[in-house]
Amino acid sequence: MKLVKQIYQITIQLHQHLQKEPKREERDEYIGQIQAYLDQREKLIDQLKGKTEYTKEEKELGKKIVDYNQGIDLMLERLYRSIAADVRQLQERKKLQQKYIHPYQGLSVDGMFFDKRK
């Protein structure tokens, strides 16, 4: 019961943490805390894998954990999409900055004429 309860408590903490929206400057710390929660849960789940029989209370907590996990998955997906959008935006800025610095780079050479004389 102790392991299942610990997993449940960490799952609740992770869910509450994911409900907060980080500022861009604080995103690294925010993701680091998410990773810490996930690592803690993974270790506890690994310890739990050998167990085959569960009490009624453990089964109920397990169902609650599964419900929380669905919400956690959605919030992690939303965070991933937000980060991916920021990365794409950063790449576009870099590309536009390069075009501004080197405006004639990459121009096509259409219209060139080569004279073939023997």
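Computed from a prediction, not measured in an experiment: that's the story for all the values here.

1. Thoughts on a negative patch on the surface
Side chains of E25, E26, D28 and E29 sit close together on the surface and give a patch of like negative charge. Relative to the helices and strands, E26 resides in the loop between α1 (2-19) and α2 (27-48).

2. What to know about helix α3 (residues 56-101)
Taking 1.5 Å per residue as the helical rise, α3 with its 46 residues ought to reach 68 Å, and the 67 Å between its terminal C-alpha atoms agrees with that figure. What α3 keeps buried is the set E58, L61, I65, G71, I72, M75, L79 and D86. Summarising the contacts, the buried residues of α3 are in contact with α1 and α2.

3. Side note on α1
Helix length check: α1 (18 residues) gives 26 Å between terminal C-alpha atoms against 26 Å at 1.5 Å per residue, within 8%. Along α1, the residues classified as buried are V4, I7, Y8, I10, T11, L14, H15, H17 and L18. Taken together, the buried residues of α1 touch α2 and α3.

4. A closer look at the pattern of salt bridges
One pass over the structure, following the stated rule, counts six salt bridges. In this structure, the salt-bridge partner of R24 is D86, at a minimum N-O distance of 3.1 Å. Remark: D86 occurs in helix α3 and R24 occurs in the loop between α1 and α2; sequence separation between them is 62 residues. Judged by its relative accessible area of 57%, R24 is exposed. Among the residues examined, D86 registers a relative accessible area of 17% and is labelled buried. One continuous salt-bridge network, built from bridges that share partners, spans R24, R27 and D86.

5. Notes on the packing of aromatic side chains
A full pass over the atoms with the stated rule returns one aromatic pair. Ring plane angle 65 degrees and centroid distance 6.1 Å describe the contact between Y8 and Y68, whose orientation is recorded as edge-to-face. In this pair, Y8 sits in helix α1 while Y68 sits in helix α3, placing the two residues 60 residues apart along the sequence. The class for Y8 is buried, based on a relative accessible area of 17%.

6. Section: the nonpolar core
Ranked by internal contacts, the top residues of the largest apolar core, which has 16 residues, are V4, I7, L14, L18, Y30, I34 and I65. For this core, the secondary-structure elements that each account for two or more residues are α1, α2 and α3. Tallying contributions element by element places α1 first for this core, with six residues. Sequence-distant contacts of V4, that is, excluding residues within four places in its chain, are made with L48, E58, L61, G62 and I65.

7. A few points about the environment of I34
Mapping I34 onto the fold places it in helix α2. On a C-alpha basis, the gap between I34 and Q13 in space is 9.6 Å, while along the polypeptide they are 21 residues apart. For I34, the contacting residues outside a window of four places in its chain are L14, H17, L18, L76 and L79.

Scoring rules and cut-offs
Residues numbered from 1 in each chain as written. Predicted model: local features only at pLDDT ≥ 70, side-chain atom pairs only at ≥ 80, totals over all residues. Heavy atoms only, no water. Patch = residues over 30% accessible without salt bridge, like charges linked within 9 Å, V, L, I, M, F, W, Y side chains within 5 Å. Areas by Shrake-Rupley, 256 points an atom, 1.4 Å probe, with all protein chains shown as cover. Salt bridge = Lys/Arg side-chain N within 4 Å of Asp/Glu carboxyl O. Lys, Arg positive; Asp, Glu negative; His and termini not counted. Charge placed at Lys NZ, Arg CZ, Asp CG, Glu CD. Helix = DSSP H or I, 4+ residues; strand = E, 2+ residues; numbered from the N terminus. Expected span 1.5 Å × (residues − 1). Buried < 20%, exposed > 50% of the residue type's maximum accessible area, 1.4 Å probe, protein only. Contact = heavy atoms within 4.5 Å. Phe/Tyr/Trp six-rings, centres within 6.5 Å; stacked < 30°, edge-to-face > 60°. Core = buried A, V, L, I, M, F, W, Y, C linked by side-chain atoms within 4.5 Å.

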